[in-house]
Every structure is written in structure tokens, then in C-alpha cells.
Amino acid sequence: MDIQTVGIIGAGTMGNGIAQACAASGIRVVMVDIAQAAVDKGLATISGSLDRLIKKDKLSEAQKADALALIQGSTNYEDLKSAQLVIEAATENHELKLKILKQVEALLPPDVIIASNTSSISITKLAAATSRPDRFIGMHFFNPVPMMALVELIRGYLTSDATHDAVKALSVKLGKSPITVKNAPGFVVNRILVPMINEAFFVLAEGLATPEDIDAGMKLGCNQPIGPLALADMIGLDVCLAVMQVYLEEFGDSKYRPCPLLAEMVAAGQLGRKTGRGVYQY
């Protein structure tokens, strides 16, 4: 399948990032959200991101205009009918994703591929909520999408080779480096990464070192570009907590128990960069 138009459900951080990556590669995009204000904010974010690339001499004004012209913002799921691939990029909530997928799937032609940008939820379970599990796949992009090369392609139990190959070809066209992963909680990267972040919160809670020293230790000792606590603030502490809760439920192993400090900070509304305060203040 030659994917020329990509539908994206969700105009937030991941949705607008995926939209930018597609449009910058000459792929037409239909970006849908429930409120016009969310769509407008997503489009403004893309415009601002492209402006930063212009300032770095990585993009011209003409290329920005061409990219923006390829993106259609909408609040109507009906507009997704023109896409060959629809990527669900809603909040990491199982019930919400199921609701969206059932609504959208009923509108789409039967040959349209559906992908979910979930970072932890079972692709097989999501696919089972549709009538096209063979044309359903996980497409886990990493934040910030325009800059990060990795895309995890997660095959559900019934994902077909044709679906996998079409989405892999698109990923390469977007300039990404896809890896293929079997369906399991957290897949590969987050299965390793989020428990590490959770352990950093245990270290912090035990008072072994300051946040700054914990992050400096991991940056200098493990050659990581950003420390785990600063990364948690970037991801969102609520997202980190939700992922750990999924692991605990799915694996039934106490090693995935969320750190109480992480849960307490989320309960207090200190979610990281998006709220202005998490481990650090912004």
C-alpha cells in the first residue's frame, strides 16, 4: 500500500509532532481533535517548531509553507476517510483509546490501516476492539517526534505482514529508523526506560542524593543525554506512573511497583514541565 495521506487523532504533543514529521516528508495529513482550540494549538505548535528549524538554517520559509499546506486541521472524524493510515495519538488511557477506535473504525473504509501510538497498552487488545485486527499495528513514536529517529512498530497477534511492511516503509519515508517489536507491556524501550525512571524516584525518596546529583550521575556515568528525573518531567510524571501501573497489573510482579513519591507528586498535580513543576521547577 502506498500511503499518501495519514490521519492523526489527537493534536497534542505526540499528534502534532507526528503531523509535522509527515508533512515535512511530503505526506498529506488530516489532524483531528475534539475541540477547535486544541486543533489550533496543535497547528501553532507545528508552525513554531518549523520556525525554529528555519532559524537553525535547516529549513526554508518556502519549505515551511509547503509543509503547513499539507496539514488539514479538523474536529470531524469523517475527514479521516481520505487517509490510507490513521494513527490514534490520544492520551495514554485504555478506555479512551477503545472508545475512539470504535468510533473511528466504523467510519473508515475496510482497507485503511489503523495504528496506535500507545507506549504501553496491548496492541492485540486494542486491535480486538476493531473488525480489522490484521490491519492494526502499534506505531510508537518518541518525543520530540520531529527530532527522534526511533519508531517502535508493534505487531499484534493478528497483524499481517502487508500491514507491517506498509507502515515500515512509511516510517523510513519519514526519515525514521523503525524497529519491529512483539506485543508485550512496554514493548522494548519503555520496558527498560520507565522502570529506570521509577527507580530514580526510589533513590530520591530515600534521600541518597539530590535530584541534580542523581541526574548528573546518570548523565556522566552512563553517557545519557538527560538524567532520569529531568526526563520524567519531560515525559510527564502522570504518564510515568500510568505506565508503571500497567506493568504491575499486566506482569503481576512487585518489581514494577510505582514509587510512592512518584504517586504522591502526581496526586499533588506536580506533573513536570506541562504543569510548571515536577521534580524541578520550570
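Keep in mind that what you see is a predicted model, and the values were worked out from it rather than measured.

In this structure, the amide linkage connecting Asn143 to the following residue, Pro144, adopts the cis form with an omega of 0°. Considering the arrangement of structural elements, one finds Pro144 in the loop between strand S6 (136-141) and strand S7 (150-155). Phi is positive for Asp57, close to 60°, though the residue is something other than glycine. Looking at the secondary structure, you find Asp57 in the loop between helix H2 (36-55) and helix H3 (61-69).

Right, let's get into the layout of surface pockets. In this structure, the second largest pocket occupies an estimated 250 Å³ of space. In terms of lining residues, the second largest pocket is bounded by 13 residues, among which His94, Ile121, Val246, Glu249 and Glu250 are the most central. The element contributing the most residues to the lining of the second largest pocket is helix H10 (residues 237-251), with six residues. Of the residues assigned to the lining of the second largest pocket, the class counts are four nonpolar, five polar and four charged.

Pairing within the open sheet is mixed, and its eight strands lie in the order S3-S2-S1-S4-S5-S6-S7-S8. Taken across any chain shown, the strands that pair with only one partner, and hence form the sheet edges, are strand S3 (71-74) and strand S8 (177-182). In this sheet, neighbouring strand axes are inclined to one another by 25° on average, regardless of whether the strands run parallel or antiparallel. In the sheet, strand S2 (residues 28-32) pairs with S3 via four bridges, with the strands oriented parallel.

Using the residue numbers shown here, the UniProt feature "binding site: NAD(+)" (unreviewed entry) corresponds to Gly10, Ala11, Gly12, Thr13, Met14, Gly15, Asp33, Glu92, Lys97, Ser119, Asn143 and Lys274. Lining residues of the second largest pocket drawn from the annotated set just named are Glu92. Relative to the helices and strands, Gly15 resides in helix H1 (residues 13-24). Residue classification places Gly15 among the buried positions, given a relative accessible area of 0%. Contact partners of Gly15, with chain neighbours within four places excluded, come to Ile8, Gly10, Met31 and Ala89. Given a relative accessible area of 52%, Lys274 falls into the exposed group. Ignoring sequence-local partners within four residues, the contact set of Lys274 consists of Gly236, Asp238 and Val239. Side-chain polar atoms of Lys274 contact the side chain of Asp238, separated by 2.9 Å.

So, how was this worked out
Residues numbered from 1 in each chain as written. Predicted model: local features only at pLDDT ≥ 70, side-chain atom pairs only at ≥ 80, totals over all residues. Heavy atoms only, no water. Helix = DSSP H or I, 4+ residues; strand = E, 2+ residues; numbered from the N terminus. 1 Å grid on protein atoms, 1.4 Å probe; cavity = no way out; pocket = protein on both sides within 12 Å on 5 of 7 lines; lining within 4 Å. Points joined across faces, edges and corners; volume = space filled by probe spheres on them. Nonpolar A, V, L, I, M, F, W, Y, C, P; charged D, E, K, R; others polar. Pairing = 2+ DSSP bridges. Axes fitted to C-alpha atoms, helices over the stretch in contact; angles between N-to-C directions. UniProt positions renumbered as here; feature names shortened; annotations may be inferred. Buried < 20%, exposed > 50% of the residue type's maximum accessible area, 1.4 Å probe, protein only. Contact = heavy atoms within 4.5 Å. Polar contact = N/O pair within 3.5 Å; in protein donor to acceptor, adjacent residues only side chain to side chain.

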